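This is what each chain is made of:
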Amino acid sequence: MTNHALFHTLHQLSRQLTNKLNEALKPYGLYSAQWSVLFVLNTKGSITQKELCEYLFVEAPPMTRTIQRLVKQGYVKQIPGQDKREKYIQLTEEAVKEFPKWEHAVSKCNQALLLDFPETSQQELVSLQTVWLKQLL
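What you see is a predicted model; the values in this text were computed from it and never measured. (Residues numbered from 1 in each chain as written. Predicted model: local features only at pLDDT ≥ 70, side-chain atom pairs only at ≥ 80, totals over all residues. Heavy atoms only, no water.)

K.L.:
Tell me about the sheet that holds strand β1 (residues 47-48), and please be specific about residues and values.
P.N.:
Strand pairs in the sheet, formed through backbone hydrogen bonds, run parallel or antiparallel to each other. The strand order across the open sheet formed by three strands is β1-β3-β2, and the pairing between neighbours is antiparallel. Strands at the two margins of the open sheet, each flanked by one partner only, are β1 and β2 (76-80). Sheet topology note: the β2/strand β3 (residues 87-91) ladder contains five bridges and is antiparallel. Note on β3: the bridge partner recorded for Gln78 is Ile89. (Pairing = 2+ DSSP bridges. Helix = DSSP H or I, 4+ residues; strand = E, 2+ residues; numbered from the N terminus.)

K.L.:
Just give me the short version of unusual backbone geometry, but keep the residues and values in it.
P.N.:
The backbone of Phe57 shows a phi angle near 55°, a positive value even though the residue is not glycine. Structurally, Phe57 can be placed in the loop between α3 (49-56) and α4 (60-73). Note on Phe57: relative accessible area 56%, which makes it exposed. (Buried < 20%, exposed > 50% of the residue type's maximum accessible area, 1.4 Å probe, protein only.)

K.L.:
Help me get a handle on the packing of helix α2 (residues 32-44) against α3, residues and values and all.
P.N.:
In a packed pair of helices, the relevant descriptors are the angle between the two axes and the axis-to-axis distance. One way to put it is that α2 packs onto α3 with a least axis distance of 11 Å and a crossing angle of 110°. Relative to α3, α2 is oriented roughly perpendicular. The handedness of the crossing between α2 and α3 is right-handed. From α2, Ser36, Val37, Val40, Leu41 and Lys44 reach across to α3, where they touch Leu52, Tyr55 and Leu56. In terms of residue class, the contact of α2 with α3 is built from six nonpolar, one polar and one charged. (Axes fitted to C-alpha atoms, helices over the stretch in contact; angles between N-to-C directions. Parallel < 35°, antiparallel > 145°, perpendicular 65-115°, else oblique. Left-handed = near helix turned anticlockwise from the far one by under 90°. Contact = heavy atoms within 4.5 Å. Nonpolar A, V, L, I, M, F, W, Y, C, P; charged D, E, K, R; others polar.)

K.L.:
Give a detailed account of α2, specifying residues and quantitative values.
P.N.:
The end-to-end C-alpha distance of α2 is 18 Å, a good match for the 18 Å that 13 residues give at a rise of 1.5 Å each. Taken as a whole, α2 has its buried residues at Ser32, Gln34, Trp35, Val37, Leu38, Val40 and Leu41. The first or second residue beyond α2 is Gly45, which carries a positive phi of 85°. (Expected span 1.5 Å × (residues − 1).)

K.L.:
Explain the pairing of β3 to me, and be specific about the residues and the numbers.
P.N.:
The sheet contact formed by β1 and β3 spans two bridges and is antiparallel. Bridging from a neighbouring strand, Thr48 pairs with Tyr88 of β3. In this structure, the hairpin formed by β2 and β3 is closed by a connection of six residues.

K.L.:
Tell me about α4, and name the residues and values.
P.N.:
Counted at 1.5 Å a residue, the expected span for α4 with its 14 residues is 20 Å, and the 20 Å between its end C-alpha atoms agrees. When we look at burial in α4, the residues that qualify are Met63, Thr66, Ile67 and Leu70. One side of α4 carries all its buried residues, which in axial view fall inside an arc of 95°. When the buried face of α4 is taken as reference, the exposed residues oriented beyond 90 degrees from it are Arg65 and Lys72. Turning to α4, the residues buried within the fold contact α2, α3, β2 and β3. At the C-terminal side of α4, Gly74 shows a positive phi close to 85°. (Arc of directions from axis to C-beta.)

K.L.:
Run through the nonpolar core, naming residues and quoting values.
P.N.:
Formed by 22 residues in total, the largest nonpolar core has its most connected members in Leu38, Leu41, Leu52, Val76 and Trp102. Secondary-structure elements contributing two or more residues to this core are α1 (3-25), α2, α3, α4, β3 and α5 (93-114). Of all the elements, α2 adds the most residues to this core, at five residues. Non-local contacts of Leu38, meaning those with residues more than four positions away in its chain, are made with Leu30, Leu70, Tyr75, Val76, Leu91, Phe99 and Trp102. (Core = buried A, V, L, I, M, F, W, Y, C linked by side-chain atoms within 4.5 Å.)

Set out below in structure tokens:
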């Protein structure tokens, strides 16, 4: 297999997984990029926009757009930091209330995607991805 084939199939897989997640979140008016932000905020609490960008490997302009959309939807709020340029992002009460519904939809989607994927293969894939990601960082 050539390097091109490896990266091409990874890209195709990533796009398919994103599309499936978008389908699962559509009834809630959310997209996968928004879910990523909501998930991180639910896990880590209030963090800066810069920290969100670094953690999710997303550049500032698309992150700003995602956050602005979530603010409009009433799911996140921005809190000024000590430095005027710094903004902390956190979930609103509405998002905390709705989060279990979103998480259930995502879990259901993930379970369906893994239905015919053996547990041993899943564990191996997680291990390979973890090692590769650490090497890239």
